[in-house]
Amino acid sequence: MDVRFPKIAEQLLLIERELRLQGWWDELPPSAEALASVEPFSVDTLDFEQWLQWIFLPRMKAILENDLPLPNASGIQEMAEMVFAARNVQGKDRQLQVLLKEFDQLITASR
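Rules behind the numbers
- Residues numbered from 1 in each chain as written.
- Predicted model: local features only at pLDDT ≥ 70, side-chain atom pairs only at ≥ 80, totals over all residues.
- Heavy atoms only, no water.
- Phe/Tyr/Trp six-rings, centres within 6.5 Å; stacked < 30°, edge-to-face > 60°.
- Helix = DSSP H or I, 4+ residues; strand = E, 2+ residues; numbered from the N terminus.
- Buried < 20%, exposed > 50% of the residue type's maximum accessible area, 1.4 Å probe, protein only.
- Salt bridge = Lys/Arg side-chain N within 4 Å of Asp/Glu carboxyl O.

If you check an unreviewed UniProt entry, the protein chain appears there as Pseudouridine synthase from Pseudomonas frederiksbergensis.

In structure tokens:
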């Protein structure tokens, strides 16, 4: 098991918590077609927060639960910056961006 797994698992829970606190957590999943997007971050079918909830979090949890190799790099926080800058959400996104930056740093940390 990768020594980063426990910290990454905790970070994923913090990201989920922040999505819920901000009211960005959906109770119902998007359509199967929306979830099947092949575009990066599913930009053509999902909002960024939906991608986090329905694609990113489940994939990362599956990696941890199945002891699979972690990705070599992560640029999720950069994507968040672009998305939220375009939306002008007035700081609601700040804590989520911090959490995503910390996730990115955990991924790139040496093993």
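That shown, we press on.
Attention shifts here to the packing of aromatic side chains. Using the criterion set out here, one finds seven aromatic pairs in the structure. Their ring planes at 90 degrees and their centres at 5.0 Å tell us that phenylalanine 56 and phenylalanine 103 sit as a pair that is edge-to-face. Residue phenylalanine 56 is found in helix α3 (residues 48-65), and its partner phenylalanine 103 is found in helix α5 (residues 94-108); the two are separated by 47 residues along the sequence. Phenylalanine 103 matches phenylalanine 56 in its accessibility class, with the two residues each being buried.

Attention now moves to the pattern of salt bridges. Evaluated as defined, the whole model comprises three salt bridges. Two residues, glutamate 16 and lysine 61, come together in a salt bridge whose shortest N-O distance is 3.1 Å. Residue glutamate 16 is located in helix α1 (residues 5-21), and its partner lysine 61 is located in helix α3; the two are separated by 45 residues in the primary sequence. Note on glutamate 16: relative accessible area 15%, which makes it buried. Linked through salt bridges whose partners overlap, the residues forming this network are Glu16, Arg20 and Lys61.

What follows is about unusual backbone geometry. Residues other than glycine seldom take positive phi values, yet serine 42 does so here, at roughly 50 degrees. Residue position: serine 42 is located in the loop between α2 (32-35) and α3. What makes serine 42 buried here is its relative accessible area of 3%. The phi angle at aspartate 67 is positive, at roughly 55 degrees, despite the residue not being glycine. Tracing the sequence through the fold places aspartate 67 in the loop between α3 and α4 (76-87). Since its relative accessible area comes to 44%, aspartate 67 is described here as partly exposed.

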